[in-house]
Amino acid sequence: SKRLRNDELITFNAPRTSSLPSPTIKLTGHKGSVYALQYDPAGEALVSSSFDMACLLWDRFYGNYNVLEGHKNAVLDCKWFTSEHIVTASADKTCGWWNANTGERIKKLQGHEGIVNAVDTIKVGAAPLLASASDDCTCKLWDCRTRSPVATLEHDYPVTAVAYGTDVVYTGGLDNCIYAWDVRTNKKTMKMTSHKDTITSLALHPKHTQLLSFSMDSNLKTWDIQPFTAQKNRLLKTFTGAKTNAEKGLLKCSWSPDGSMVTAGSSDCMVHIWDEVTTEELYLLPGHTGCVNTVVFHPKENVIASGSSDKSIYVGELGQ
């Protein structure tokens with residue numbers, strides 16, 4: 001704003017780029033660190049999971065419309081399966097399969113012997129399939145219509161990250177490596193190395209042509225995961241600028257809906273967003289007062305949501 005001599009106030013409004021009621025909204029309600037966020041596929045709802053053992057559900061106007069309660073420890077990850085169903089991963093060694101509309105836990109998926117760090121879903125026909133990564137050195141595959149895992153992928157180290165593709169599951173863990181597993185044979189088909197510390201998160205490109213990884217080495221990387229590639233090394237790009245600290249949290253990474261931007265959590269309380277093509281940092285957004293654990297893009301609008309150890313969620317529109 002600019003004040004003229006005759007006390008007339010002129011306001012310069014930046015052009016709005018979304019349907020948010022204001023350029024930034026702060027969502028409060030969690031009683032502990034917010035670890036994971038995800039929009040449903042239609043962009044009509046947002047789920048957040050927290051150290052407070054609960055998930056909160058937010059509608060398209062960002063009002064809280066439901067709470068998922070039942071886990072006995074921190075909820076470390078959450079994913080939409082459809083706009084009706086959500087899966088969760090918890091430090092209580094279980095995964096949950098929930099009805100988002102009623103808040104009811106439909107199934108408690110037990111089988112892990114350690115903290116479940118991450119979860120991812122895929123729909124194959126009518127089968128709701130799920131992969132979970134755990135400190136017990138396994139990734140388990142589930143069909144949510146049954147209570148027991150349908151397969152167990154054995155690792156040498158705790159598994160901290162997972163991404164579920166078509167007929168393939170990607171895992172990352174304490175050995176700094178990323179593995180691809182064929183879910184038809186449950187065998188490793190690929191090993192990708194470049195990170196110098198624990199993998200904290202994996203995310204598939206919207207077209208499943210690339211894999212995004214974040215690590216405690218503070219580097220965000222993209223990998224070519226197409227079956228036939230001319231180059232020997234599958235590492236494509238490295239994005240720098242995010243920070244990790246001694247807390248060693250499992251900070252999440254994600255793609256924009258069109259694959260043109262990538263983002264990751266950061267311990268410097270800032271939201272970092274990079275251009276995928278040039279690897280340049282496009283946005284550095286302040287606001288949080290604690291480690292940013294997760295950042296996600298809205299599937300339809302020019303909007304991002306970030307969750308932090310300061311117990312809050314910020315939803316904001318990106319400028320032009």
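Residues numbered from 1 in each chain as written. Predicted model: local features only at pLDDT ≥ 70, side-chain atom pairs only at ≥ 80, totals over all residues. Heavy atoms only, no water.

Side note on the sheet that holds strand E15 (residues 151–154)
If you walk across this open sheet you meet the 4 strands as E12-E13-E14-E15, and the pairing is antiparallel. Two strands bound the open sheet, and with one partner strand each, they are strand E12 (116–124) and E15. Shown here is a sheet whose adjacent strand axes are inclined to one another by a mean of 20 degrees, direction ignored. The pairing of strand E14 (residues 138–143) with E15 spans 4 bridges and is classified as antiparallel. Bridge pairing links Lys140 to Thr152 in E15. (Pairing = 2+ DSSP bridges. Helix = DSSP H or I, 4+ residues; strand = E, 2+ residues; numbered from the N terminus. Axes fitted to C-alpha atoms, helices over the stretch in contact; angles between N-to-C directions.)

Here's the deal with the pairing of E12
Most of E12 sits inside the fold, with 7 of its 9 residues counted as buried. In terms of strand pairing, E12 meets strand E13 (residues 127–134) through 8 bridges, oriented antiparallel. What sits directly across from Val116, in E13, is Ser134. Adjacent in sequence and paired antiparallel, E12 and E13 are bridged by 2 residues, among which Gly125 carries a positive phi angle near 65 degrees. (Buried < 20%, exposed > 50% of the residue type's maximum accessible area, 1.4 Å probe, protein only.)

Quick word on the sheet that holds strand E18 (residues 177–182)
Spatial ordering of the open sheet is given by E16-E17-E18-E19, a layout of 4 strands whose pairing is antiparallel. Every interior strand has two partners, whereas the edge strands, strand E16 (159–165) and strand E19 (187–193), have only one. Ignoring which end each strand starts from, the neighbouring axes of this sheet average 20 degrees apart. The pairing of E18 with E19 spans 6 bridges and is classified as antiparallel.

What to know about the nonpolar core
One finds Ala131, Cys139, Leu141, Leu153, Val162, Tyr164 and Val169 to be the most contacted residues of the largest nonpolar core, which totals 17 residues. Sorting the residues of this core by element identifies E12, E13, E14, E15, E16 and E18 as the ones contributing at least two each. Not counting chain neighbours up to four residues away, the residues in contact with Leu141 comprise Leu130, Ala131, Pro149, Val150, Ala151, Leu153, Tyr164, Val169, Val183 and Asn186. (Core = buried A, V, L, I, M, F, W, Y, C linked by side-chain atoms within 4.5 Å. Contact = heavy atoms within 4.5 Å.)

A closer look at the packing of aromatic side chains
Inspection of the entire model under this criterion finds 2 aromatic pairs. Over the face of the ring belonging to Tyr179 we find Lys188, whose NZ or CZ atom lies 4.3 Å from the ring centre. (Phe/Tyr/Trp six-rings, centres within 6.5 Å; stacked < 30°, edge-to-face > 60°. Lys NZ or Arg CZ within 6 Å of the ring centre and 35° of its normal.)

Considerations on empty space enclosed by the protein
Overall, the coordinates contain 2 cavities of 30 Å³ or more when judged by the stated rule. Empty space within the largest cavity amounts to approximately 70 Å³. Per element, the largest residue contribution to the lining of the largest cavity is 3 residues, and it comes from strand E17 (residues 168–173). Looking at the lining of the largest cavity, its residues break down into 5 nonpolar, 4 polar and 3 charged. Considered as a void within the structure, the second largest cavity measures approximately 40 Å³ in volume. Taken together, Thr244, Asn245, Glu247, Lys248, Gly249, Leu251, Ser267 and Cys291 make up the full set of residues lining the second largest cavity. (1 Å grid on protein atoms, 1.4 Å probe; cavity = no way out; pocket = protein on both sides within 12 Å on 5 of 7 lines; lining within 4 Å. Points joined across faces, edges and corners; volume = space filled by probe spheres on them. Nonpolar A, V, L, I, M, F, W, Y, C, P; charged D, E, K, R; others polar.)

Observations concerning the side chain of Ser50
With respect to the helices, strands and loops of the structure, Ser50 is situated in strand E5 (residues 45–50). Within polar-contact distance, the side chain of Ser50 engages the backbone oxygen of Gly32 at 3.2 Å. Among the polar contacts listed, one links the side chain of Ser50 to the backbone oxygen of Ser33, at a separation of 2.9 Å. If near-sequence neighbours (up to four positions away) are discounted, Ser50 is found in contact with His30, Gly32, Ser33, Val34, Tyr35, Ala74 and Val75. (Polar contact = N/O pair within 3.5 Å; in protein donor to acceptor, adjacent residues only side chain to side chain.)

What about the environment of Ala305?
By secondary structure assignment, the location of Ala305 is in strand E29 (residues 303–308). The class of Ala305 is buried, set by a relative accessible area of 0%. For the pair Ala305 and Asp92, spaced 213 residues apart in sequence, the C-alpha to C-alpha distance is 26 Å. Residue contacts for Ala305: discarding those within four places in its chain leaves Leu37, Tyr39, Leu46, Thr294, Val295, Val296, Tyr314 and Val315.

Some thoughts on the confidence of the model for the protein chain
Per-chain confidence: the protein chain averages 93 in pLDDT, with 95% of residues scoring 70 or above. Note that pLDDT drops below 50 for residues 1–5; the model gives that stretch 10 contacts with residues more than four away or on any other chain. (pLDDT = per-residue confidence, 0-100.)

Quick notes on the environment of Pro158
Within the secondary structure, Pro158 sits in the loop between E15 and E16. Here the alpha-carbon distance between Pro158 and Thr138, two residues 20 residues apart in the chain, equals 7.0 Å. Discounting residues that sit within four places of it in the chain, Pro158 has contacts with Ser134, Asp135, Cys137, Gly173 and Leu174.

Focus: the environment of Leu37
Structurally, Leu37 is set in strand E4 (residues 34–39). Between the C-alpha atoms of Leu37 and Leu57, which are 20 residues apart in sequence, the distance is 9.9 Å. In this view, Leu37 contacts Leu46, Val47, Ser48, Cys78, Thr294, Val296, Ala305, Ser306, Gly307 and Ile313; residues no more than four positions away in its chain are not counted.

Describing the layout of surface pockets
Approximately 1,000 Å³ is the volume found for the largest pocket. Contributing to the lining of the largest pocket are 40 residues, with Gln38, Tyr39, Lys79, Asp120 and Leu204 lying nearest its centre. Within the residue set of the lining of the largest pocket, elements represented by two or more residues are E4, strand E8 (75–80), E12, E16, strand E20 (199–204), strand E24 (253–255) and strand E28 (292–297). Tallied by class, the residues present in the lining of the largest pocket amount to 24 nonpolar, 10 polar and 6 charged.

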